[in-house]
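Each chain, written out:
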Amino acid sequence: MPDLPPRDDSLRAALHGVRGLLLDLDGVLVLKGAAVPGAPEALAALERVGFPYLVVTNTSLVSRATLARWGRSVGFATPADRFQSALTASAELAGREFAGRPVYVITSDDARAEFDGLAVLDAAAVDAALAEGRDVAAVILGDSPDQLTRETLNRAFRLVLRGAVLVGMHRNPWWLTPEGPTLDAGTFLVGLEWATKRKARTVGKPDPAFFRVAAERMATGASARGEPRLLRHHLAMVGDDVFNDIGGGRRAGLRTVFVRTGKHGDAELAEAARGVRGYRPDAVAPSIAEVVAALVG
Ligand SMILES: [Mg+2]
């Protein structure tokens, strides 16, 4: 495997028994709009040997089809069906819990495609519903540089005051973009919680349901391949976020690997490990490339 770094035997020992990977996207595979060095080769190696993986991401900016297309442009061959995002999980929740009832979704036009078939109101329809006192079941908040405005947030605020359920695709406070640290949708979600005195439901990582869906997909795949039953501890969540990936993954019963290529560094990792919740990953690796080399190298 010439594209992978040399195999680290202590990492290999820490990952013993791992039969599938759940990979965070931002900070693990990509950062600031570009591929993390070695990550495309690492995913290509997984594909080559048929090692199962899913990309599990809190990104709510774009649809899976757009994620896959964009991935190809920076060197990844990951197909759309290998992504599970906070956006797609939110659309599934809306289909399950608010089917046939009108919802207001703050997200980009591209991301809204994941909600096809649901009764998603546009701004004018929300304003009419507010004016006429008609019921709107939920407000679903994702990230969108264009759509997260004072105007849309006020619309959401008024709907929640009137009884709509507040749903956050995730509650990430910030992320790294080419412009530097950038506010994410979670910051605005907390603002709405504060203003309405309602607690939002959140859908993406670290919600246990998000990991459960991913683990079930991996287990179904293993069973279809005729492999022994795949349990949670056969899966490793690889992430750069000590709370969402490491803390959330641990609580869901997964193995966890922290990589140093993202927004959280060793200082956050050490602080999280000292905290009452004691977020300690099973392994720490320089990047996804070393993780993959330890498993398939
Ligand atoms: Mg991340």
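The structure displayed is predicted, hence computed values, not measured ones. (Residues numbered from 1 in each chain as written. Predicted model: local features only at pLDDT ≥ 70, side-chain atom pairs only at ≥ 80, totals over all residues. Heavy atoms only, no water.)

**Student:** What am I meant to see in the coordination of the magnesium ion here?
**Tutor:** Each pair of donors in an ideal octahedron of six around a metal sits at 90 or 180 degrees, and each pair in an ideal tetrahedron of four sits at 109.5 degrees. Within the first shell, the magnesium ion binds the protein through Asp24 (OD), Asp26 (O) and Asp240 (OD), at distances of 2.0 to 2.2 Å. Positions of the donor residues of the magnesium ion along the chain correspond to the pattern D-x1-D-x213-D. Within this pair, whereas Asp26 is found in the loop between β1 (20-23) and β2 (30-31), its partner Asp240 is found in the loop between β13 (235-239) and α10 (242-251), the two being separated by 214 residues in sequence. The exposure class assigned to Asp26 is partly exposed, which follows from its relative accessible area of 22%. (Donors = N, O, S within 2.8 Å, 3.2 Å for Na, K, Ca; no water. Helix = DSSP H or I, 4+ residues; strand = E, 2+ residues; numbered from the N terminus. Buried < 20%, exposed > 50% of the residue type's maximum accessible area, 1.4 Å probe, protein only.)

**Student:** Would you mind going over the domain arrangement of the protein chain with me for this structure?
**Tutor:** Reports of interface size often rely on the accessible area that becomes lost once the parts have come together. Domain boundaries in the protein chain define domain 1 (9-58 + 206-296) and domain 2 (94-202). Taking only C-alpha atoms, the centre of domain 1 and the centre of domain 2 are 29 Å apart. Each partner contributes residues to the interface: domain 1 has 7 residues there, and domain 2 has 8 residues. The largest share of the area that domain 1 buries against domain 2 comes from Lys32, Asn58 and Lys263, three residues that together contribute 65% of it. Run the count over domain 1 and domain 2 and you get 0 salt bridges. When grouped by side-chain class, the residues that make up the side of domain 1 that touches domain 2 number 1 nonpolar, 2 polar and 4 charged. (Domains from an automatic or database assignment. Contact = heavy atoms within 4.5 Å. Buried area = accessible area lost by both parts, 1.4 Å probe. Salt bridge = Lys/Arg side-chain N within 4 Å of Asp/Glu carboxyl O. Nonpolar A, V, L, I, M, F, W, Y, C, P; charged D, E, K, R; others polar.)

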